[in-house]
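Single-letter residue listing:
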Amino acid sequence: MKEGEDTSKAAMQENVEEVKGNDKEMLKALRAIDETRKEIDKLAERVGALEVVVSGGTQVSEKEFVVFSEFLMRQLLKLDAIEAEGEARMQRKAEVRRVQNFHDILDNLKARNSKPLGNSGNAVSVTTEWETFDSELGSSSPPPSIPSSTRITQDWERLE
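Cut-offs applied
Residues numbered from 1 in each chain as written. Predicted model: local features only at pLDDT ≥ 70, side-chain atom pairs only at ≥ 80, totals over all residues. Heavy atoms only, no water. UniProt positions renumbered as here; feature names shortened; annotations may be inferred. Helix = DSSP H or I, 4+ residues; strand = E, 2+ residues; numbered from the N terminus. Salt bridge = Lys/Arg side-chain N within 4 Å of Asp/Glu carboxyl O. Core = buried A, V, L, I, M, F, W, Y, C linked by side-chain atoms within 4.5 Å. Buried < 20%, exposed > 50% of the residue type's maximum accessible area, 1.4 Å probe, protein only. Contact = heavy atoms within 4.5 Å. Lys, Arg positive; Asp, Glu negative; His and termini not counted. Polar contact = N/O pair within 3.5 Å; in protein donor to acceptor, adjacent residues only side chain to side chain.

Under the local residue numbering, the UniProt record ascribes the feature "coiled-coil region" (unreviewed entry) to residues 26–53. Regarding residues 26–53, the helix share stands at 100% and the strand share at 0%, and the terminal C-alpha atoms are separated by 40 Å.

Our focus in this paragraph is the pattern of salt bridges. Under the criterion given, the structure shown has eight salt bridges. A salt bridge links D34 to K38, with the nearest nitrogen and oxygen atoms 3.7 Å apart. In this pair, D34 and K38 both sit in helix α1 (residues 2–55), four residues apart, roughly one turn of the helix. R98 serves as the salt-bridge partner of E95, at 2.9 Å between the closest nitrogen and oxygen.

So, about the nonpolar core. One finds L50, V54, F65, L72, I82, V99 and L106 to be the most contacted residues of the largest nonpolar core, which totals 21 residues. Mapped by element, the contributors of at least two residues to this core are α1, α2 (62–81) and α3 (86–114). Per-element accounting of this core gives the leading share, eight residues, to α1. Contact partners of L106, with chain neighbours within four places excluded, come to V47, L50, F65, F68, S69 and L72.

So, on to the side chain of R92. In this fold, R92 is placed in helix α3. Within the buried set, R92 has no salt-bridge partner at all; the shortest N-O distance to an opposite charge, 6.2 Å, is to D80. Here I82 takes part through its backbone oxygen, which lies 2.4 Å from a polar atom of the side chain of R92. Apart from residues no more than four positions distant in its own chain, R92 is found in contact with I33, L79, I82, E83 and A84.

Have a look at this one:
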């Protein structure tokens, strides 16, 4: 019975060490998230100040929006580099959503800033220019030239 007890104690000790290791990893992740959160808080204050300026009708340089977007993207990259499980993972996700929200606010401010004074401050119009490609796809006629080594058939294999 002594040998079984020793094996059980060794297994229990391994489990304790594993939990301690996991706790250390979680603490490390939580600290990294907290440091990033502090930087995001500073950016949040600056985005808020920018919102006040734009809402007041002051024209802001396009460069300001680019710089803020870059700072936010850096925070997303930092958060992405943090390996986290459990509670730390949930906190990391919350911070990612927060950064994405600030990025959306910046996009809206940028759109409002680009409009001349006198337009409604709440209306936002975003347009995207899509590049079109000439394609034979979807055409009912065959492509203009088919290599002679290619044979087009309509023989289909049936799977049963």
